[in-house]
Amino acid sequence: MTNDPNFTGAAGPTTEELVFDAKEAQRRRKPNTMQRVGDHLKREWQLYVMLIPTILWLAIFLYKPMYGLQIAFKDYSIFRGVADSPWIGLEHFQTLFGNDQFIRALRNTIIISFYGLIFGFPMPILLALMFNEILKQSFKKTAQTIVYLPHFVSSVIIAGIVITAFSPSAGIVNTILGWLGMDPIYFLTKPEWFRPIFVGTGIWQEAGFQSIVYLAAIAGVSPTLYESAVVDGASRWQMMWKITLPSILPTIIIMLIIRIGNMLEISFEMIILLYQPATYETGDVVNTFIYRQGIQGGQYDLAAAAGLFNAVVAFVLVMTANAISKRYSRTSLW
Amino acid sequence: MTNMNLYSRGDKMFVILNMVLIGLFTLSTLYPFIYIASLSMSAGMEARAGNVILTPVGFTLEAYKQVLSEPLFWSSYKNTFIYTIGGTLMSLAFIIPGAYALSKPQLYGRRFWNLVVAFTMWFNAGLIPFFLNMRDLGLLDSYFGIIIGFAVNGFNIILLRNFFEGIPKSFEEAARMDGANEFQVLWKVYVPLSKPAIATVALFCVVSRWNGFFWAMVLLQDEEKIPLQVYLRKVIVELSDDEEFATTLLTAAYSVETVTAAIIVCSIIPILLIYPFLQKYFSKGILLGGVKE
């Protein structure tokens, strides 16, 4: 019985004593915890009353649909409902990846977001740098007021302007082409014109407003840098490239990371408004595919599978972006 | 930068060139709006023939008469006001107390609740499950569905929560000494101190409600309930695609183009009226909500 070399006789507590102590401690602690929670709730119940509506809303309108996402793996029937429809595994995903339209939508999504990044990302930086070089405050204010405006205008109106301006008979664009002796082009039915028009419209609408972030960063650059540069005889051009731009580089990098994280968020509302069967070839993206297949076509399960695929890729992109920006700037994006 | 002297000739050239480029960009932003406004006041024949360039050709307000005599225009305008005002108030009723509770360190499971909110910004179930859920809740074709279904937004909660967290404790202590409860502290101390942040969130809601069209288009089949943007889309997309209809609509006085332009002008006016506020608070909002620790 005392083979244990560490056995020290009466020096330590016996097993019975240990068990007793543990029970006692638990008995003593339990009412304490209960009481603490009770006291806390009695004191702070109002905070929970304030929180509950928001949490309930999130549960009903955003988390419940996540539960509904299981139809991506089911043969969904409206009559059976989400829970009772039979599981079919990955069949919808196999269908999707064998579907030319889905592959085309995937390719268009990647190409359009890539164009948006290449042409759309530098514009607001350039605008901010240029705004910063304007000496006349009244001119600067007026120009800013105007270029921020399209951000607040609905996509339906922007689409209406685009459709009118590019119309073959009445549109200003074709009128100008006519002056140059060219035949009118029905732009919105031409697949090769869809992406330039869509990406260009996006830049026209958002570049001005997006420059605000960079202007704020420029406002934070220390004036002493410019003062000493002036002493050294630097030109304004040199100061813009050698002082302003490097100083806002951290902001640029963070914005780039955010942008890449949100790459799949193409404003598909605008695409729905601008595209037509003739331009599906270059304009149909994953979300418009989902809209057509699911909401218009009633293939809810297949469309939900496409949506799940999109959401998972987007989630990975956003999370990676956040992790990278955390590492490089020690600030999280949220 | 403003009080810096321009020494060299190169600097002067640079500043002038810069102004010209910004000026051109600004004009390119402004021009489409002027074009649409002129189109809306031009004669239908002239608009159809592509003769409108900058100013109205054959000035007439027939297109506006046409638009304003359409009952669907008025009902959709009214609906947009209902959705915008109702939706914004609904959002604030959820977001203000929710953000306040989340800003309090003594809230049990605070990290968890914050994660519950933030997660919805990173991942969402997508169009189809959201649509089916609205259908299952019986919220299709319903004013209430549109108003409640988009009330809460993770970004707005976090924006307001951060603002509340930045308010020093000392402000609420006096109220607490007087025996104020949490609701009174929120209403009498935090809300007045957070007016700019609340205005920002409210304006985010107003603009997204006023401009929102996708879900209204999907969830509302009943024409009586559609908002202005859905009506506008009907006119723009459906009418301009239909050449035959376009031709029947064409009279000397108005055409599809001038009527479309007139509706665009009518729906943009309220945004222009509140634009000074929008510009002020939105710039604040994106800086508040952008990059933070």
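Residues numbered from 1 in each chain as written. Chains lettered and ligands numbered in written order. Predicted model: local features only at pLDDT ≥ 70, side-chain atom pairs only at ≥ 80, totals over all residues. Heavy atoms only, no water.

**What about the overall build of chain A?**
Scanning chain A from N- to C-terminus turns up 16 helices and zero strands. In chain A, buried positions account for 49% of the 334 residues. Considering only residue pairs separated by 6 or more positions, chain A has 65% of its internal contacts joining residues 24 or more positions apart. Working note: accessible area of chain A is about 17,200 Å², and carbon and sulfur atoms make up 64% of it. (Helix = DSSP H or I, 4+ residues; strand = E, 2+ residues; numbered from the N terminus. Buried < 20%, exposed > 50% of the residue type's maximum accessible area, 1.4 Å probe, protein only. Contact = heavy atoms within 4.5 Å. Areas by Shrake-Rupley, 256 points an atom, 1.4 Å probe, with all protein chains shown as cover.)

**Concerning the overall build of chain B**
Secondary structure summary: chain B contains 16 helices and zero strands in total. In chain B, buried positions account for 54% of the 293 residues. On chain B, roughly 13,200 Å² of surface is accessible, and the fraction owed to carbon and sulfur atoms is 67%.

**Some thoughts on helix α8 (residues 172-179) of chain A**
Taken together, the buried positions of α8 of chain A are I172, N174, T175 and L177 of chain A. The inward-facing, buried residues of α8 of chain A abut α7 (155-165) of chain A together with α1 (9-40) of chain B. Looking one or two places after α8 of chain A, you find G181 of chain A, whose phi comes out positive at around 80 degrees.

**A word on the confidence of the model for chain A**
Averaged over every residue, the pLDDT of chain A is 88; residues scoring 70 or more account for 89%. Counting contacts from residues 1-11 of chain A, a segment whose pLDDT is below 50, to residues more than four positions away or on other chains yields one contact. (pLDDT = per-residue confidence, 0-100.)

**A closer look at the interface of chain A and chain B**
If you look at the interface, chain A gives 100 residues, while chain B gives 101 residues. Summed over the shared surface of chain A and chain B, the result is zero salt bridges. At 23 residues, the largest contribution of residues to the side of chain A that touches chain B is made by helix α1 (residues 15-68) of chain A. Split by residue class, the side of chain A that touches chain B holds 72 nonpolar, 21 polar and seven charged. (Salt bridge = Lys/Arg side-chain N within 4 Å of Asp/Glu carboxyl O. Nonpolar A, V, L, I, M, F, W, Y, C, P; charged D, E, K, R; others polar.)

**Describing the nonpolar core**
W57 and F152 of chain A together with I128, L160, F164, F214 and V218 of chain B are the most contacted members of the largest nonpolar core, which totals 191 residues. Examining the composition of this core, we find that 13 residues originate from one element, helix α9 (residues 191-219) of chain A, more than from any other. Both domains that meet at this core, namely domain 1 (14-78) and domain 2 (91-329) of chain A, each give it at least three residues. If we skip the residues at most four places from it in the chain, I128 of chain B touches I71, I290, G294, I295, Y300, A303 and A304 of chain A. (Core = buried A, V, L, I, M, F, W, Y, C linked by side-chain atoms within 4.5 Å. Domains from an automatic or database assignment.)

**Looking at unusual backbone geometry**
Residues and elements named next belong to chain B. Notably, D141 is not glycine yet its phi reads approximately 55 degrees, a positive angle. Its place among the elements puts D141 in the loop between α6 (127-136) and α7 (143-149). Taking the relative accessible area as the measure of exposure, D141 reaches 24% and is therefore partly exposed.

**Focus: the pattern of salt bridges**
Following the criterion strictly, the structure yields 15 salt bridges over all chains and no others. The shortest N-O distance in the salt bridge between D284 of chain A and R292 of chain A comes to 2.8 Å. With its nearest N and O atoms 2.4 Å apart, the salt bridge here joins R48 of chain B to E257 of chain B. Here E257 of chain B lies in helix α15 (residues 256-273) and R48 of chain B lies in helix α2 (residues 44-48), a separation of 209 residues in the sequence. Side by side, R48 of chain B and E257 of chain B carry an identical accessibility label, which is buried. Each of K104, K169, E172, R176 and E182 of chain B takes part in a single network of salt bridges with overlapping partners.

**Examining a nonpolar patch on the surface**
A surface patch of nonpolar side chains, about 580 Å² in accessible area, is lined by I16, L17, V20, L21, L24 and L27 of chain B. Judged by relative accessible area, which is 42%, L21 of chain B ranks as partly exposed. (Patch = residues over 30% accessible without salt bridge, like charges linked within 9 Å, V, L, I, M, F, W, Y side chains within 5 Å.)

**Re the side chain of N18 of chain B**
The topology assignment puts N18 of chain B in helix α1. Residue N18 of chain B is classed as buried on the basis of its relative accessible area of 5%.

**Here's the deal with the packing of α7 of chain A against α1 of chain B**
Running from N to C, α7 of chain A and α1 of chain B point in directions that differ by 75 degrees, and their axes come no closer than 11 Å. Regarding the angle of α7 of chain A to α1 of chain B, the classification is roughly perpendicular. Residues I161, T164 and A165 of chain A of α7 of chain A form the contact with α1 of chain B, whose own contacting residues are P32, F33, Y35, I36 and L39 of chain B. (Axes fitted to C-alpha atoms, helices over the stretch in contact; angles between N-to-C directions. Parallel < 35°, antiparallel > 145°, perpendicular 65-115°, else oblique.)

**Considerations on α1 of chain B**
If you check α1 of chain B, its first and last C-alpha atoms are 46 Å apart, about what 32 residues at 1.5 Å a residue would give, namely 46 Å. Bending of α1 of chain B peaks at approximately 30 degrees at the position of L30 of chain B, with proline P32 of chain B no more than four residues after it. (Expected span 1.5 Å × (residues − 1). Bend = angle between axes of the 7 residues up to and from the residue.)

**Description of the packing of aromatic side chains**
By the definition in use, this model includes 43 aromatic pairs over all chains. For the ring pair Y100 of chain B and Y190 of chain B, a centre distance of 5.0 Å and an interplane angle of 75 degrees mean the geometry is edge-to-face. Note that Y100 of chain B is positioned in helix α4 (residues 71-102) and Y190 of chain B in helix α10 (residues 182-193), a separation of 90 residues in sequence. Note on accessibility: Y100 of chain B and Y190 of chain B belong to one class, buried. Ring pairing ties together the aromatic residues F268 and Y291 of chain A together with F130, F150, F214 and W215 of chain B, which thus form one cluster. Lying over the aromatic face of W87 of chain A, K74 of chain A brings its terminal NZ or CZ to 4.4 Å of the ring centre. Across from the ring centre of Y280 of chain A, 4.2 Å away, lies the NZ or CZ of R292 of chain A, which sits over that ring. (Phe/Tyr/Trp six-rings, centres within 6.5 Å; stacked < 30°, edge-to-face > 60°. Lys NZ or Arg CZ within 6 Å of the ring centre and 35° of its normal.)

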